[in-house]
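An overview of the molecular structure
Below are the chains, spelled out letter by letter.
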Amino acid sequence: MAQGKSRLDLLQGTLDLLILRALRADAMHGWAISERIQQISRDVLQVNQGSLYPALHRLEHRGWIKAEWGISELGRRARFYSFTTSGRKQLEIEADNWNTFIDVIARVLRMA
Amino acid sequence: MWWWKDAFLRLRALLLRREMDEELQAELQSHLEMQARKNLSAGLTPQEARRQARLQFGGFESAKEECRDARGVNFVETLSRDVGYAFRGFRRTPGFTAVALLALMLGIGSNTAIFSVVYAVLLAPLPYPNPDQLVMVWSKVNGHRNSVSAGDYLDWKRQNTVFQDVGAWSGGNFNLSV
(Lines give C-alpha, C1' and ligand atoms only; values in the text may rest on other atoms or scores of the structure.)
Protein backbone atom coordinates (compact mmCIF):
# COMPACT_ATOMS: atom_id res chain seq x y z
CA MET A 1 0.00 0.00 0.00
CA ALA A 2 1.27 3.42 -0.87
CA GLN A 3 1.77 5.44 2.27
CA GLY A 4 2.43 9.10 2.75
CA LYS A 5 -0.17 10.22 0.27
CA SER A 6 -3.33 11.57 1.85
CA ARG A 7 -6.36 9.48 1.06
CA LEU A 8 -9.95 10.54 0.76
CA ASP A 9 -12.81 8.61 2.24
CA LEU A 10 -15.62 8.08 -0.20
CA LEU A 11 -18.57 10.40 -0.07
CA GLN A 12 -21.86 8.78 0.79
CA GLY A 13 -23.51 7.37 -2.34
CA THR A 14 -20.51 7.64 -4.64
CA LEU A 15 -19.50 4.01 -4.23
CA ASP A 16 -22.34 2.85 -6.49
CA LEU A 17 -21.20 5.22 -9.19
CA LEU A 18 -17.58 4.07 -8.93
CA ILE A 19 -18.54 0.41 -9.03
CA LEU A 20 -20.68 0.90 -12.12
CA ARG A 21 -17.92 2.88 -13.79
CA ALA A 22 -15.28 0.29 -12.93
CA LEU A 23 -17.42 -2.48 -14.40
CA ARG A 24 -18.01 -0.66 -17.66
CA ALA A 25 -15.14 -2.35 -19.45
CA ASP A 26 -15.43 -5.97 -18.36
CA ALA A 27 -16.64 -8.38 -15.70
CA MET A 28 -14.65 -8.37 -12.48
CA HIS A 29 -14.75 -9.90 -9.03
CA GLY A 30 -14.97 -7.79 -5.90
CA TRP A 31 -11.29 -7.59 -5.14
CA ALA A 32 -10.46 -6.49 -8.68
CA ILE A 33 -13.15 -3.81 -8.45
CA SER A 34 -11.62 -2.35 -5.30
CA GLU A 35 -8.17 -2.47 -6.93
CA ARG A 36 -9.49 -0.87 -10.09
CA ILE A 37 -11.09 2.00 -8.22
CA GLN A 38 -7.90 2.68 -6.30
CA GLN A 39 -5.88 2.43 -9.48
CA ILE A 40 -7.97 4.77 -11.62
CA SER A 41 -8.22 7.25 -8.77
CA ARG A 42 -4.40 7.08 -8.54
CA ASP A 43 -4.62 5.73 -4.99
CA VAL A 44 -6.44 8.80 -3.74
CA LEU A 45 -9.76 7.11 -3.14
CA GLN A 46 -9.78 4.53 -0.42
CA VAL A 47 -12.53 1.96 -0.91
CA ASN A 48 -13.53 0.36 2.33
CA GLN A 49 -13.34 -3.28 1.28
CA GLY A 50 -15.87 -4.28 3.89
CA SER A 51 -18.51 -1.95 2.50
CA LEU A 52 -17.83 -2.89 -1.12
CA TYR A 53 -19.66 -6.22 -0.92
CA PRO A 54 -22.92 -4.97 0.60
CA ALA A 55 -22.93 -2.36 -2.19
CA LEU A 56 -22.36 -5.04 -4.83
CA HIS A 57 -25.19 -7.16 -3.47
CA ARG A 58 -27.46 -4.14 -3.34
CA LEU A 59 -26.70 -3.23 -6.95
CA GLU A 60 -27.32 -6.82 -7.96
CA HIS A 61 -30.73 -6.69 -6.29
CA ARG A 62 -31.55 -3.54 -8.20
CA GLY A 63 -30.70 -5.38 -11.41
CA TRP A 64 -27.90 -3.01 -12.41
CA ILE A 65 -25.22 -5.65 -12.24
CA LYS A 66 -25.35 -9.42 -12.41
CA ALA A 67 -23.12 -11.96 -10.74
CA GLU A 68 -21.71 -15.25 -11.93
CA TRP A 69 -19.32 -17.71 -10.40
CA GLY A 70 -16.13 -18.09 -12.36
CA ILE A 71 -12.51 -18.99 -11.89
CA SER A 72 -10.19 -16.25 -10.67
CA GLU A 73 -6.64 -15.69 -11.86
CA LEU A 74 -5.57 -17.68 -8.79
CA GLY A 75 -7.50 -20.66 -10.11
CA ARG A 76 -10.07 -20.36 -7.32
CA ARG A 77 -13.80 -19.84 -7.50
CA ALA A 78 -14.74 -16.15 -7.46
CA ARG A 79 -17.89 -14.20 -8.05
CA PHE A 80 -17.65 -12.07 -11.17
CA TYR A 81 -19.86 -9.04 -11.55
CA SER A 82 -20.86 -7.53 -14.87
CA PHE A 83 -23.01 -4.77 -16.26
CA THR A 84 -26.64 -5.12 -17.28
CA THR A 85 -28.50 -2.91 -19.72
CA SER A 86 -30.30 -1.08 -16.95
CA GLY A 87 -26.96 -0.72 -15.19
CA ARG A 88 -25.65 1.12 -18.23
CA LYS A 89 -28.58 3.54 -18.04
CA GLN A 90 -28.08 3.90 -14.30
CA LEU A 91 -24.42 4.81 -14.80
CA GLU A 92 -25.46 7.64 -17.13
CA ILE A 93 -28.05 8.87 -14.64
CA GLU A 94 -25.65 8.74 -11.70
CA ALA A 95 -22.85 10.38 -13.68
CA ASP A 96 -25.23 13.19 -14.66
CA ASN A 97 -26.34 13.60 -11.06
CA TRP A 98 -22.75 13.73 -9.94
CA ASN A 99 -21.80 16.35 -12.52
CA THR A 100 -24.77 18.50 -11.53
CA PHE A 101 -23.75 18.10 -7.92
CA ILE A 102 -20.17 19.26 -8.42
CA ASP A 103 -21.31 22.15 -10.61
CA VAL A 104 -23.60 23.37 -7.88
CA ILE A 105 -21.00 22.96 -5.13
CA ALA A 106 -18.37 24.72 -7.25
CA ARG A 107 -20.78 27.58 -7.87
CA VAL A 108 -21.49 27.89 -4.17
CA LEU A 109 -17.77 27.91 -3.38
CA ARG A 110 -17.06 30.63 -5.95
CA MET A 111 -19.72 32.81 -4.38
CA ALA A 112 -17.95 35.48 -2.36
CA MET B 1 -38.38 -3.34 -14.04
CA TRP B 2 -35.90 -4.22 -11.35
CA TRP B 3 -38.35 -5.34 -8.68
CA TRP B 4 -38.96 -8.80 -10.09
CA LYS B 5 -35.23 -9.41 -10.22
CA ASP B 6 -35.06 -8.21 -6.63
CA ALA B 7 -37.97 -10.46 -5.62
CA PHE B 8 -36.37 -13.43 -7.37
CA LEU B 9 -33.06 -12.89 -5.57
CA ARG B 10 -34.82 -12.44 -2.25
CA LEU B 11 -36.82 -15.62 -2.72
CA ARG B 12 -33.67 -17.50 -3.66
CA ALA B 13 -31.89 -16.07 -0.65
CA LEU B 14 -34.75 -17.19 1.57
CA LEU B 15 -35.13 -20.72 0.22
CA LEU B 16 -31.42 -21.40 -0.22
CA ARG B 17 -30.33 -19.65 2.93
CA ARG B 18 -27.47 -21.99 3.74
CA GLU B 19 -26.17 -22.09 0.17
CA MET B 20 -26.29 -18.32 -0.05
CA ASP B 21 -24.42 -18.00 3.23
CA GLU B 22 -21.77 -20.38 1.98
CA GLU B 23 -21.52 -18.44 -1.27
CA LEU B 24 -21.11 -15.22 0.65
CA GLN B 25 -18.47 -16.76 2.87
CA ALA B 26 -16.65 -18.09 -0.21
CA GLU B 27 -16.85 -14.75 -1.98
CA LEU B 28 -15.41 -12.78 0.92
CA GLN B 29 -12.86 -15.50 1.60
CA SER B 30 -11.59 -15.36 -1.97
CA HIS B 31 -11.26 -11.59 -1.60
CA LEU B 32 -9.04 -12.09 1.45
CA GLU B 33 -6.90 -14.60 -0.42
CA MET B 34 -6.38 -12.24 -3.33
CA GLN B 35 -5.49 -9.40 -0.99
CA ALA B 36 -3.11 -11.68 0.90
CA ARG B 37 -1.49 -12.67 -2.36
CA LYS B 38 -0.99 -9.04 -3.25
CA ASN B 39 0.51 -8.39 0.18
CA LEU B 40 2.76 -11.42 -0.28
CA SER B 41 4.10 -10.09 -3.54
CA ALA B 42 4.77 -6.78 -1.74
CA GLY B 43 7.26 -8.71 0.38
CA LEU B 44 5.37 -9.66 3.53
CA THR B 45 5.67 -13.05 5.18
CA PRO B 46 2.73 -15.38 4.39
CA GLN B 47 1.35 -15.04 7.91
CA GLU B 48 1.69 -11.27 7.95
CA ALA B 49 0.19 -11.04 4.46
CA ARG B 50 -2.93 -12.86 5.64
CA ARG B 51 -3.14 -10.76 8.80
CA GLN B 52 -2.83 -7.51 6.84
CA ALA B 53 -5.47 -8.69 4.38
CA ARG B 54 -7.90 -9.13 7.25
CA LEU B 55 -7.03 -5.72 8.67
CA GLN B 56 -7.44 -4.04 5.29
CA PHE B 57 -10.80 -5.68 4.85
CA GLY B 58 -12.19 -4.38 8.13
CA GLY B 59 -15.06 -6.02 9.98
CA PHE B 60 -15.57 -9.38 8.27
CA GLU B 61 -18.68 -10.45 10.14
CA SER B 62 -20.28 -7.03 9.96
CA ALA B 63 -19.71 -6.97 6.18
CA LYS B 64 -21.47 -10.34 5.96
CA GLU B 65 -24.29 -8.99 8.06
CA GLU B 66 -24.66 -5.99 5.77
CA CYS B 67 -24.70 -8.25 2.72
CA ARG B 68 -27.52 -10.24 4.31
CA ASP B 69 -29.33 -6.97 4.96
CA ALA B 70 -28.90 -6.04 1.30
CA ARG B 71 -30.49 -9.34 0.32
CA GLY B 72 -33.37 -8.56 2.64
CA VAL B 73 -33.66 -11.96 4.32
CA ASN B 74 -32.67 -10.68 7.71
CA PHE B 75 -36.23 -9.50 8.27
CA VAL B 76 -37.72 -12.95 7.72
CA GLU B 77 -35.01 -14.60 9.79
CA THR B 78 -35.56 -12.20 12.66
CA LEU B 79 -39.29 -12.70 12.43
CA SER B 80 -39.08 -16.49 12.56
CA ARG B 81 -36.68 -16.27 15.48
CA ASP B 82 -39.05 -13.92 17.32
CA VAL B 83 -41.99 -16.26 16.79
CA GLY B 84 -39.93 -19.18 18.07
CA TYR B 85 -38.92 -17.16 21.10
CA ALA B 86 -42.55 -16.28 21.82
CA PHE B 87 -43.61 -19.94 21.71
CA ARG B 88 -40.81 -21.00 24.04
CA GLY B 89 -41.97 -18.27 26.41
CA PHE B 90 -45.52 -19.66 26.33
CA ARG B 91 -44.26 -23.14 27.14
CA ARG B 92 -42.26 -21.86 30.06
CA THR B 93 -45.26 -20.11 31.69
CA PRO B 94 -48.27 -22.40 31.11
CA GLY B 95 -50.39 -20.62 33.74
CA PHE B 96 -50.07 -17.26 32.08
CA THR B 97 -50.60 -18.82 28.67
CA ALA B 98 -53.80 -20.53 29.85
CA VAL B 99 -55.19 -17.29 31.30
CA ALA B 100 -54.30 -15.33 28.18
CA LEU B 101 -55.86 -18.00 25.95
CA LEU B 102 -59.00 -18.09 28.10
CA ALA B 103 -59.35 -14.31 27.99
CA LEU B 104 -58.94 -14.33 24.22
CA MET B 105 -61.40 -17.21 23.80
CA LEU B 106 -64.03 -15.56 25.96
CA GLY B 107 -63.51 -12.19 24.31
CA ILE B 108 -63.68 -13.46 20.78
CA GLY B 109 -66.48 -15.93 21.56
CA SER B 110 -68.78 -13.44 23.28
CA ASN B 111 -68.08 -10.84 20.63
CA THR B 112 -69.08 -13.27 17.91
CA ALA B 113 -72.24 -14.31 19.78
CA ILE B 114 -73.34 -10.73 20.45
CA PHE B 115 -72.60 -9.62 16.95
CA SER B 116 -74.60 -12.44 15.38
CA VAL B 117 -77.65 -11.40 17.44
CA VAL B 118 -77.14 -7.70 16.65
CA TYR B 119 -76.73 -8.52 13.00
CA ALA B 120 -79.91 -10.62 12.80
CA VAL B 121 -82.01 -8.11 14.78
CA LEU B 122 -80.67 -4.73 13.67
CA LEU B 123 -78.43 -4.96 10.65
CA ALA B 124 -79.65 -7.71 8.36
CA PRO B 125 -82.07 -6.48 5.67
CA LEU B 126 -85.68 -7.56 6.15
CA PRO B 127 -86.78 -10.56 4.10
CA TYR B 128 -89.04 -8.58 1.76
CA PRO B 129 -88.52 -7.34 -1.78
CA ASN B 130 -86.95 -3.81 -1.79
CA PRO B 131 -86.47 -3.70 2.00
CA ASP B 132 -84.90 -0.25 1.64
CA GLN B 133 -88.28 1.17 0.54
CA LEU B 134 -90.09 -0.15 3.59
CA VAL B 135 -91.36 2.45 6.11
CA MET B 136 -93.42 2.28 9.26
CA VAL B 137 -96.17 4.81 9.93
CA TRP B 138 -97.61 5.69 13.33
CA SER B 139 -100.44 7.74 14.55
CA LYS B 140 -99.78 10.57 16.99
CA VAL B 141 -101.75 10.95 20.23
CA ASN B 142 -100.94 13.93 22.51
CA GLY B 143 -97.65 14.38 20.70
CA HIS B 144 -96.59 10.74 21.28
CA ARG B 145 -96.21 7.91 18.83
CA ASN B 146 -99.06 5.51 19.12
CA SER B 147 -100.29 2.35 17.42
CA VAL B 148 -102.88 2.77 14.71
CA SER B 149 -106.53 1.86 15.30
CA ALA B 150 -108.12 -0.62 12.92
CA GLY B 151 -110.44 2.07 11.51
CA ASP B 152 -107.57 4.48 10.80
CA TYR B 153 -105.64 1.66 9.13
CA LEU B 154 -108.55 0.84 6.80
CA ASP B 155 -108.99 4.56 5.94
CA TRP B 156 -105.30 4.97 5.22
CA LYS B 157 -105.27 1.89 3.04
CA ARG B 158 -108.24 3.13 1.03
CA GLN B 159 -107.10 6.75 0.67
CA ASN B 160 -103.38 5.90 0.14
CA THR B 161 -101.76 7.74 -2.77
CA VAL B 162 -98.07 7.79 -1.69
CA PHE B 163 -97.33 4.13 -0.87
CA GLN B 164 -97.41 1.19 -3.22
CA ASP B 165 -99.27 -0.74 -0.58
CA VAL B 166 -100.16 -0.52 3.09
CA GLY B 167 -100.23 -3.42 5.51
CA ALA B 168 -100.62 -3.83 9.27
CA TRP B 169 -99.20 -6.09 11.92
CA SER B 170 -100.08 -6.65 15.53
CA GLY B 171 -98.51 -8.52 18.39
CA GLY B 172 -100.20 -11.41 20.12
CA ASN B 173 -99.68 -13.86 22.98
CA PHE B 174 -100.01 -17.62 22.59
CA ASN B 175 -99.54 -20.60 24.75
CA LEU B 176 -97.53 -23.25 23.00
CA SER B 177 -96.98 -26.82 24.01
CA VAL B 178 -94.29 -28.82 22.36
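Please refer to the structure higher up on the page.
Presented here is a report on the structure given in the accompanying data block.

Cut-offs used in this document
- Residues numbered from 1 in each chain as written.
- Chains lettered and ligands numbered in written order.
- Predicted model: local features only at pLDDT ≥ 70, side-chain atom pairs only at ≥ 80, totals over all residues.
- Heavy atoms only, no water.
- Contact = heavy atoms within 4.5 Å.
- Buried area = accessible area lost by both parts, 1.4 Å probe.
- Salt bridge = Lys/Arg side-chain N within 4 Å of Asp/Glu carboxyl O.
- Polar contact = N/O pair within 3.5 Å; in protein donor to acceptor, adjacent residues only side chain to side chain.
- Helix = DSSP H or I, 4+ residues; strand = E, 2+ residues; numbered from the N terminus.
- Pairing = 2+ DSSP bridges.
- 1 Å grid on protein atoms, 1.4 Å probe; cavity = no way out; pocket = protein on both sides within 12 Å on 5 of 7 lines; lining within 4 Å.
- Points joined across faces, edges and corners; volume = space filled by probe spheres on them.
- Nonpolar A, V, L, I, M, F, W, Y, C, P; charged D, E, K, R; others polar.
- Buried < 20%, exposed > 50% of the residue type's maximum accessible area, 1.4 Å probe, protein only.
- Axes fitted to C-alpha atoms, helices over the stretch in contact; angles between N-to-C directions.
- Left-handed = near helix turned anticlockwise from the far one by under 90°.
- Patch = residues over 30% accessible without salt bridge, like charges linked within 9 Å, V, L, I, M, F, W, Y side chains within 5 Å.
- Areas by Shrake-Rupley, 256 points an atom, 1.4 Å probe, with all protein chains shown as cover.

**Here we look at the interface of chain A and chain B**
Taken residue by residue, the interface counts 25 residues in chain A and 24 residues in chain B. When chain A packs against chain B, close to 2500 Å² is buried across both sides, 59% of that on carbon and sulfur atoms. Our count for the contact surface shared by chain A and chain B stands at two salt bridges. Between A:Arg79 and B:Glu27 there is a salt bridge; the shortest N-O distance is 3.7 Å. Applying the counting rule to chain A against chain B returns nine residue pairs in polar contact (both at pLDDT 80 or more). Contributing elements (two or more residues each) for the side of chain A that touches chain B: helix H2 (30–40), helix H3 (49–61) and strand S5 (77–83) of chain A.

**Some words on the pairing of strand S4 (residues 65–71) of chain A**
Residues and elements named next belong to chain A. With seven bridges joining them, S4 and S5 adopt antiparallel strand pairing. Bridging from a neighbouring strand, Ile 65 pairs with Phe 83 of S5. Hairpin connection, S4 to S5: the antiparallel pair is bridged by five residues, and Gly 75 has positive phi, about 80 degrees.

**Details of the layout of surface pockets**
Residues and elements named next belong to chain B. Size it by volume and the largest pocket reaches roughly 980 Å³. Forming the boundary of the largest pocket are 26 residues, of which Val 135, Met 136, Val 137, Gly 167 and Trp 169 lie nearest the centre. The biggest single contributor to the lining of the largest pocket is helix H7 (residues 150–159), with three residues. Its residues assigned to classes, the lining of the largest pocket comprises 17 nonpolar, eight polar and one charged.

**Some remarks on unusual backbone geometry**
Residue and element names in this part refer to chain B. Even without a glycine there, the phi angle at Asn 130 is positive, about 45 degrees. Phi is positive for Asn 142, close to 55 degrees, though the residue is something other than glycine. Positionally, Asn 142 belongs in the loop between strand S1 (139–141) and strand S2 (144–146). Residue class for Asn 142 comes out exposed when judged on its relative accessible area of 73%.

**So, the packing of H2(A) against H3(A)**
Residue and element names in this part refer to chain A. Closest axis-to-axis distance for the H2/H3 pair is 10 Å, and the angle between their directions is 115 degrees. In the packing of H2 onto H3, the handedness of the crossing is right-handed. Taken together, the residues of H3 that come into contact with H2 (itself represented by Gly 30, Trp 31, Ile 33 and Ser 34) are Gln 49, Leu 52, Tyr 53 and Leu 56. Class assignment for the residues of the contact of H2 with H3 results in five nonpolar, three polar and no charged.

**A word on a nonpolar patch on the surface**
Residues and elements named next belong to chain B. Taken together, the side chains of Ile 114, Phe 115, Val 117, Val 118, Tyr 119, Val 121, Leu 122 and Leu 123 make up a nonpolar region of the molecular surface, amounting to roughly 820 Å² of accessible area. Tracing the sequence through the fold places Ile 114 in helix H6 (residues 94–123). By relative accessible area, which is 55% here, Ile 114 ends up exposed.

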